[in-house]
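Single-letter residue listing:
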There are 4 protein chains.
Amino acid sequence: MANTFGNQLTITSFGESHGPFIGVVIDGLPSNIFIDTVFIQKALDRRKPGQSNLTTQRQESDVFQIVSGVFNEYSTGSPIAILIPNKDALSKDYEALKNVYRPGHADFVYDKKYGNRDYKGGGRSSARITAGWVAAGAIASLYLKTVSNIEVKAMVSSIYNIALPKPYDQYDWNNAENNAVRCPDPDTADAMETLIERIKMEGNSVGGTIACKIKNAPIGLGEPLFNKLNAELAKAMLSINAVKGIQFGSGFDSTQLLGSQNNDNLDNHSNHDGGITAGISNGETILFELAFKPTSSISIPQTMLNTTGDTETVSIPGRHDPCVLPRAVPIVEAMAALVLADHYLLNLKYLK
Amino acid sequence: MANTFGNQLTITSFGESHGPFIGVVIDGLPSNIFIDTVFIQKALDRRKPGQSNLTTQRQESDVFQIVSGVFNEYSTGSPIAILIPNKDALSKDYEALKNVYRPGHADFVYDKKYGNRDYKGGGRSSARITAGWVAAGAIASLYLKTVSNIEVKAMVSSIYNIALPKPYDQYDWNNAENNAVRCPDPDTADAMETLIERIKMEGNSVGGTIACKIKNAPIGLGEPLFNKLNAELAKAMLSINAVKGIQFGSGFDSTQLLGSQNNDNLDNHSNHDGGITAGISNGETILFELAFKPTSSISIPQTMLNTTGDTETVSIPGRHDPCVLPRAVPIVEAMAALVLADHYLLNLKYLK
Amino acid sequence: MANTFGNQLTITSFGESHGPFIGVVIDGLPSNIFIDTVFIQKALDRRKPGQSNLTTQRQESDVFQIVSGVFNEYSTGSPIAILIPNKDALSKDYEALKNVYRPGHADFVYDKKYGNRDYKGGGRSSARITAGWVAAGAIASLYLKTVSNIEVKAMVSSIYNIALPKPYDQYDWNNAENNAVRCPDPDTADAMETLIERIKMEGNSVGGTIACKIKNAPIGLGEPLFNKLNAELAKAMLSINAVKGIQFGSGFDSTQLLGSQNNDNLDNHSNHDGGITAGISNGETILFELAFKPTSSISIPQTMLNTTGDTETVSIPGRHDPCVLPRAVPIVEAMAALVLADHYLLNLKYLK
Amino acid sequence: MANTFGNQLTITSFGESHGPFIGVVIDGLPSNIFIDTVFIQKALDRRKPGQSNLTTQRQESDVFQIVSGVFNEYSTGSPIAILIPNKDALSKDYEALKNVYRPGHADFVYDKKYGNRDYKGGGRSSARITAGWVAAGAIASLYLKTVSNIEVKAMVSSIYNIALPKPYDQYDWNNAENNAVRCPDPDTADAMETLIERIKMEGNSVGGTIACKIKNAPIGLGEPLFNKLNAELAKAMLSINAVKGIQFGSGFDSTQLLGSQNNDNLDNHSNHDGGITAGISNGETILFELAFKPTSSISIPQTMLNTTGDTETVSIPGRHDPCVLPRAVPIVEAMAALVLADHYLLNLKYLK
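Residues numbered from 1 in each chain as written. Chains lettered and ligands numbered in written order. Predicted model: local features only at pLDDT ≥ 70, side-chain atom pairs only at ≥ 80, totals over all residues. Heavy atoms only, no water.

Q: Describe the relation of the copies chain C and chain D, with residues and values.
A: To go from the first copy of the chain to the second, apply a rotation about an axis and then a shift along the same axis. When chain C is brought onto chain D, the operation consists of a screw motion whose angular component is 180° and whose axial shift is 0.0 Å, with 0.0 Å RMSD remaining. What the superposition gives is, in effect, a two-fold axis relating one chain to the other. Residue by residue, 100% of the interface of chain C is reproduced at the interface of chain D, so both copies engage with the same surface. (Least-squares fit on C-alpha atoms with pLDDT ≥ 70 in both. Contact = heavy atoms within 4.5 Å.)

Here it is, written out as structure tokens:
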């Protein structure tokens with residue numbers, strides 16, 4: 001079940017970049033949850049391509065269709081299936097890439113693993129697939145809103161060599177939605193936008209970091225031993241193509257502290273643990289940060305392996321994001337919401 | 001199934017720090033694998049307490065018993081159950097801690113989640129449980145040795161402010177077993193030992209980083225979409241209590257590179273991706289690094305919440321590791337071997 | 001994951017009787033399997049409504065669309081999603097049934113369990129959902145054909161009080177496709193057709209038995225302890241709405257034999273065990289038989305509970321099958337093929 | 001995870017007939033459930049060998065040890081592991097059977113599947129393994145008693161050609177515990193005992209039927225589509241070695257009724273559906289019946305295949321049950337209780 005994620009609340013993903021639809025099946029959602037389609041569409045709009053000049057110019061409205069599981073606007077307890085059409089696929093861009101393996105992409109490993117590769121738009125490995133995750137994550141958020149006041153929010157904390165000047169938890173994250181790059185500090189956001197535009201002109205790409213916080217999670221979410229909340233969040237986040245690292249709370253910086261400095265006594269809200277202790281939410285805000293590598297697709301010519309085992313120098317045609325982070329923010333939120341909703345459900349049996 | 005890990009090859013963990021046994025059930029191992037008990041014991045010996053003056057002085061020989069699944073020294077295809085007795089539990093040390101929540105430990109969250117806490121030695125949340133993982137990981141390694149030449153190796157790359165002077169992949173990792181701290185550079189190892197001894201005297205603790213490499217993984221391990229090899233390794237590693245972060249290949253440093261610099265063309269072995277692209281092993285050495293927070297148990301008095309909602313200042317009695325990293329090295333290797341063996345099995349259907 | 005079935009090869013079902021599509025996602029199919037769409041359509045045609053005067057007259061061509069997982073006619077290893085449109089739903093027939101619970105149907109239990117019921121055509125509980133199973137089962141059969149010569153075949157062995165005169169394994173099952181009722185004996189089939197036509201005129205319904213045989217299954221399929229081949233087949237078959245019983249080999253009749261009579265010595269092919277011993281295929285033909293209760297929907301007026309807790313006498317309008325068995329034959333085959341393909345994959349690791 | 005059963009409440013089984021222990025790990029049990037060890041022992045005593053002259057004379061007290069998951073007599077939410085020692089294994093009885101395949105047993109299929117067979121006492125395929133299921137089932141019952149008034153009860157309804165004279169639901173099932181055969185009708189029980197004693201003297205064996213009823217299950221248990229309550233019960237029951245068939249409610253007899261006769265209108269408690277409609281408990285008593293084939297082990301000489309591919313005539317030594325049904329009653333109850341507890345947990349999210 002490689003294309004299914006979750007325990008009690010699961011999503012099953014399907015579709016390819018240049019097929020007729022990408023889609024998702026959400027199973028395990030309790031009945032009688034109001035399925036607010038305007039809310040879901042807003043989530044998709046934050047991820048969709050072409051939303052600003054910083055993103056790929058592929059034009060997809062990402063208008064979705066719910067084909068099951070909802071009756072008179074409420075969930076029925078049956079699986080919710082969502083279809084999102086692909087309308088602006090330009091497969092001819094990919095004919096030229098049929099016989100080369102784009103660096104950093106799935107091309108090489110898919111060919112070796114499966115021996116049968118859909119090269120059009122990256123096929124199954126395309127980030128376009130995450131539109132389904134975002135729709136599913138919006139439904140998870142609707143569930144969380146119905147049963148709790150858990151809030152999931154992500155934002156861009158750094159792009160390449162431009163980072164927020166202060167620790168990321170010291171900003172008003174709501175400001176992140178005021179600019180195209182989704183960074184809560186206006187000056188930093190401006191500099192990031194300028195950088196991305198320049199990188200785009202150069203035919204290159206950049207990565208960066210996204211921070212995520214989850215407020216109001218009740219104490220007790222997470223299932224030791226192996227379904228620890230942080231372990232599940234890590235798995236969810238590493239499912240996002242460009243993510244190369246994750247750290248919770250002080251993360252790698254905690255290695256520079258003594259035990260006496262790093263221990264949270266749960267009284268002074270030092271929160272070095274990032275809201276999760278021993279795999280269980282501890283009542284503090286859950287905080288983690290992700291490293292995104294630079295977008296693999298660049299138009300600068302690169303040396304690549306080809307299917308005959310030689311190398312050639314190729315410039316990747318097509319429309320690409322010079323920096324995926326602005327559009328990745330809603331993807332991070334979606335996967336986090338799915339994990340939280342799943343663990344909220346798993347935890348119900350303890351609520352007495 | 002919070003206490004079960006894996007897809008085709010699973011481990012189910014049970015036991016508590018001060019119970020009669022901790023144990024593990026390994027399910028899904030193919031039949032006819034030679035179960036080399038000497039090899040398993042060696043793995044356990046590398047994790048066991050009391051192995052050097054850097055570790056807790058709890059004395060456990062960790063001599064294990066296989067109670068099923070092996071016949072005439074070979075696996076039968078039936079579940080392999082392993083018991084490891086607890087012989088040196090000193091529960092009286094914990095009576096004093098019955099009503100306080102040790103910072104950084106599971107005490108508080110377990111009490112709130114379950115409403116029923118085994119406070120003796122941390123009960124189920126004790127790192128002692130990982131002895132079972134190490135035994136299971138040794139069996140996964142025996143499987144890998146039988147069917148492939150995949151090699152998993154971990155070592156300590158930094159402790160507190162003492163780090164390897166060169167990038168971690170530039171050392172001969174076999175040297176890591178020559179010293180108590182499990183660091184491949186002798187001078188760095190000496191400095192680390194001195195540091196840990198000093199920290200121990202001070203009743204404090206330190207964390208650090210462990211690096212892990214997996215050599216000779218065939219191209220193609222990992223199951224997109226959600227069972228990506230890196231996602232599964234991340235989940236496995238974040239299951240280890242003190243781990244607060246993970247990064248693959250260049251990880252967080254990849255955010256400081258341009259796409260043109262970071263892309264691996266699979267020809268020059270730049271390996272920024274750490275051997276995994278799009279969730280699938282790409283033929284390069286798999287590399288990742290983990291952040292371990294400082295040990296939560298320290299004897300320096302700390303302010304703690306207690307079960308009546310007040311705070312008190314308490315010095316934690318008992319025997320603890322001032323630094324868990326030397327003993328965590330075999331745990332990291334065990335979990336990595338389990339993930340690799342699992343994905344080797346999952347990948348069999350593609351081998352034609 | 002209530003809507004997902006299988007271990008290594010899974011299907012996830014979605015859709016409702018009167019929604020835009022019903023569908024299925026098949027995950028875990030190895031790559032490079034030829035996806036013969038003509039073969040899949042033939043399987044769907046055997047299940048579709050309106051195929052003879054013995055079935056409901058709802059007109060659905062059940063022309064399917066594959067929206068992912070297939071590239072140039074071969075599977076890619078990615079999930080295969082299939083959509084089947086609903087074109088002839090007459091929801092107005094169901095407005096009259098909005099407030100009553102049809103006996104034998106899901107109406108009452110869904111309302112009590114979920115508190116939100118899609119009453120149109122039975123919504124999610126409709127047998128129409130099994131079209132997706134049949135499409136998925138056809139793909140499982142294509143896999144089995146590619147890798148083995150396992151053959152799955154089902155047929156009608158009795159309808160109400162008309163049964164095959166000889167034990168069901170003594171017929172040429174290929175003849176079952178020569179008549180609308182799918183019974184291999186022409187005379188019995190004629191009598192069954194006459195019976196069903198009469199029952200239909202009376203506005204009543206009948207049940208019966210379907211037998212299934214699986215030839216050429218290699219010795220060794222089935223995973224003790226709990227994933228025994230018979231246990232998995234039983235779960236698969238009891239997922240079919242009207243099935244109320246299953247027996248393997250001599251089944252309930254084996255209780256009338258002494259051990260010395262019932263034991264198969266694997267030499268004389270007595271096959272009382274129905275091809276499965278201790279949960280594992282033993283090389284004999286796998287044989288089982290299913291009891292189908294009479295169709296719950298009848299036009300004869302019945303006393304029913306209604307949503308206000310009273311009873312009323314209602315005649316069910318709409319188009320229904322007076323006997324579901326002829327159309328259930330391909331459903332039984334589909335679920336059996338899915339189980340066999342799944343266990344073929346699970347067993348690969350033992351093939352040395 | 002072939003040795004794990006369940007969704008939210010799982011059991012993982014391990015052990016062999018002649019190993020040091022057989023055992024079980026119960027995961028997912030909520031915390032704070034009183035673990036009544038006397039109750040568990042009583043359940044084991046009803047299954048243990050040597051309890052009457054109708055059973056095998058292997059002497060096992062089946063005194064169990066809980067090694068984790070319980071603190072001060074209450075569940076902690078951690079996995080409960082239970083060990084049951086094997087004390088009276090006579091492995092020498094099996095040396096003679098090392099090279100032959102006992103008819104009806106796992107010997108042949110295990111050898112072919114795994115290529116490595118523990119022939120001592122049947123190894124992993126021994127019915128002795130079910131002692132762990134019974135202990136786990138007793139814990140499931142303790143959970144059900146804590147949270148609901150669901151009651152699970154099984155009894156013997158027929159042995160060979162001796163059957164209860166009236167339909168099985170017309171007896172006071174509590175009487176079943178008053179005799180060694182576990183049949184609620186005293187006269188029938190006497191006849192059954194006499195029969196079994198005679199069959200035992202003859203060195204032969206008999207099978208029969210066990211009926212099971214579950215009272216007070218709330219409406220709504222069962223998870224469509226594929227985790228229907230009846231499908232899960234069927235899978236559970238077919239996991240029991242000798243079970244060759246299952247039927248719910250009227251089962252195979254429902255094929256002899258017209259729809260107008262068979263439909264339950266939920267008003268007159270006709271209960272042809274056996275308490276489960278569309279896979280969900282409907283508020284009526286859940287009823288099902290199981291076919292057990294005669295015990296495979298008989299001392300009458302039989303023709304058997306041997307490991308060199310020839311046949312030989314062998315009399316099986318050792319101690320065996322001439323009829324497994326009296327001891328199977330608590331096994332049926334245990335598996336049913338596990339399914340009910342699991343589905344009770346799965347259903348919690350709908351209880352508002």
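Q: Which residues make up the pairing of strand β3 (residues 21-27) of chain B, and what values do they have?
A: All names here are of chain B. In terms of burial, β3 is a largely internal element, 7 of the 7 residues being buried. Because side chains alternate across β3, one face comprises the buried residues F21, G23, V25 and D27, and the other comprises I22, V24 and I26, equally buried. Pairing analysis gives 6 bridges linking strand β2 (residues 10-15) to β3, with the strands arranged antiparallel. Within the sheet, the bridge partner assigned to T10 lies in β3 and is D27. Here β2 folds back onto β3 in antiparallel fashion, the turn holding 5 residues. By the bridge criterion, 6 bridges tie β3 to strand β7 (residues 80-85) in an arrangement that is antiparallel. Within the sheet, the bridge partner assigned to I26 lies in β7 and is I80. (Buried < 20%, exposed > 50% of the residue type's maximum accessible area, 1.4 Å probe, protein only. Helix = DSSP H or I, 4+ residues; strand = E, 2+ residues; numbered from the N terminus. Pairing = 2+ DSSP bridges.)

Q: Requested: an account of the interface of chain C and chain A, with residues and values cited.
A: Contacts between chain C and chain A engage 38 residues on the former and 38 residues on the latter. Of the roughly 3,100 Å² buried between chain C and chain A on both sides combined, carbon and sulfur atoms contribute 57%. Of all residues in chain C, M1(C), F71(C) and N116(C) give up the largest surface area on contact with chain A, accounting jointly for 21% of the area buried on that side. Where chain C packs against chain A, one counts 0 salt bridges. (Buried area = accessible area lost by both parts, 1.4 Å probe. Salt bridge = Lys/Arg side-chain N within 4 Å of Asp/Glu carboxyl O.)

Q: Tell me about the interface of chain C and chain D, residues and numbers included.
A: Contacts between the two partners involve 93 residues from chain C and, on the opposite side, 93 residues from chain D. For the pair chain C and chain D, the summed buried area comes to about 7,300 Å², and 61% of that belongs to carbon and sulfur atoms. For chain C, the biggest contributors to the area lost against chain D are K113(C), F226(C) and K244(C); these three give 12% of the whole. There are 8 salt bridges connecting chain C and chain D. For D273(D), the salt bridge is made with K293(C), and the minimal N-O distance between the two is 3.0 Å. Here chain C is connected to chain D by 41 residue pairs in polar contact (both at pLDDT 80 or more). Class assignment for the residues of the side of chain C that touches chain D results in 42 nonpolar, 38 polar and 13 charged. (Polar contact = N/O pair within 3.5 Å; in protein donor to acceptor, adjacent residues only side chain to side chain. Nonpolar A, V, L, I, M, F, W, Y, C, P; charged D, E, K, R; others polar.)

Q: Residue-level account of the side chain of R182(C), with values.
A: Looking at where R182(C) falls in the secondary structure, it is placed in the loop between β9 (162-163) and α5 (186-201). Exposure remark for R182(C): the relative accessible area of 6% places this residue in the buried category.

Q: Describe in detail the relation of the copies chain C and chain A, supporting the description with residues and values.
A: Once turned by 180° and shifted 0.0 Å along the axis, chain C lies on chain A with an RMSD of 0.0 Å. The residues that chain C uses at the interface reappear at the interface of chain A in 100% of cases, marking a shared surface.

Q: Lay out the pattern of salt bridges in plain terms, naming residues and giving numbers.
A: Residue and element names in this part refer to chain A. Counting across every chain of the model gives 76 salt bridges over all chains. Residue D62 pairs with R47 through a salt bridge whose shortest N-O separation is 3.5 Å. Of this pair, D62 sits in the loop between α1 (37-47) and β4 (65-68) while R47 sits in helix α1; the two residues are 15 residues apart in sequence, bridging distant segments of the chain. When sorted by exposure, D62 lands in the same class as R47, which is buried.

Q: Would you mind going over the sheet that holds strand β10 (residues 208-215) of chain D in detail, with residue names and values included?
A: The 10 strands lie next to each other as β9(C)-β8(C)-β10(C)-β14(C)-β11(C)-β11(D)-β14(D)-β10(D)-β8(D)-β9(D), forming an open sheet whose pairing is antiparallel. Across the chains shown, the open sheet's two edge strands, defined by having one partner strand only, are β9 of chain C together with β9 (162-163) of chain D. Contacting β8 (151-159) and β9 of chain C, α5(C) runs over the sheet at an angle of about 60° to β8(C). (Axes fitted to C-alpha atoms, helices over the stretch in contact; angles between N-to-C directions.)

Q: Talk me through the packing of helix α4 (residues 130-147) of chain B against helix α8 (residues 325-346) of chain B; I want residue IDs and the actual numbers.
A: Residue and element names in this part refer to chain B. Contact pair α4 / α8: the axes reach a minimum separation of 7 Å and the direction vectors enclose 45°. As the angle between them shows, α4 and α8 are arranged oblique. Note that α4 runs across α8; the crossing there is left-handed. On α8, the residues that touch T130, W133, V134, A136, G137, A140, S141, Y143, L144 and V147 of α4 are P330, I331, A334, M335, A337, L338, L340, A341, Y344 and L345. (Parallel < 35°, antiparallel > 145°, perpendicular 65-115°, else oblique. Left-handed = near helix turned anticlockwise from the far one by under 90°.)

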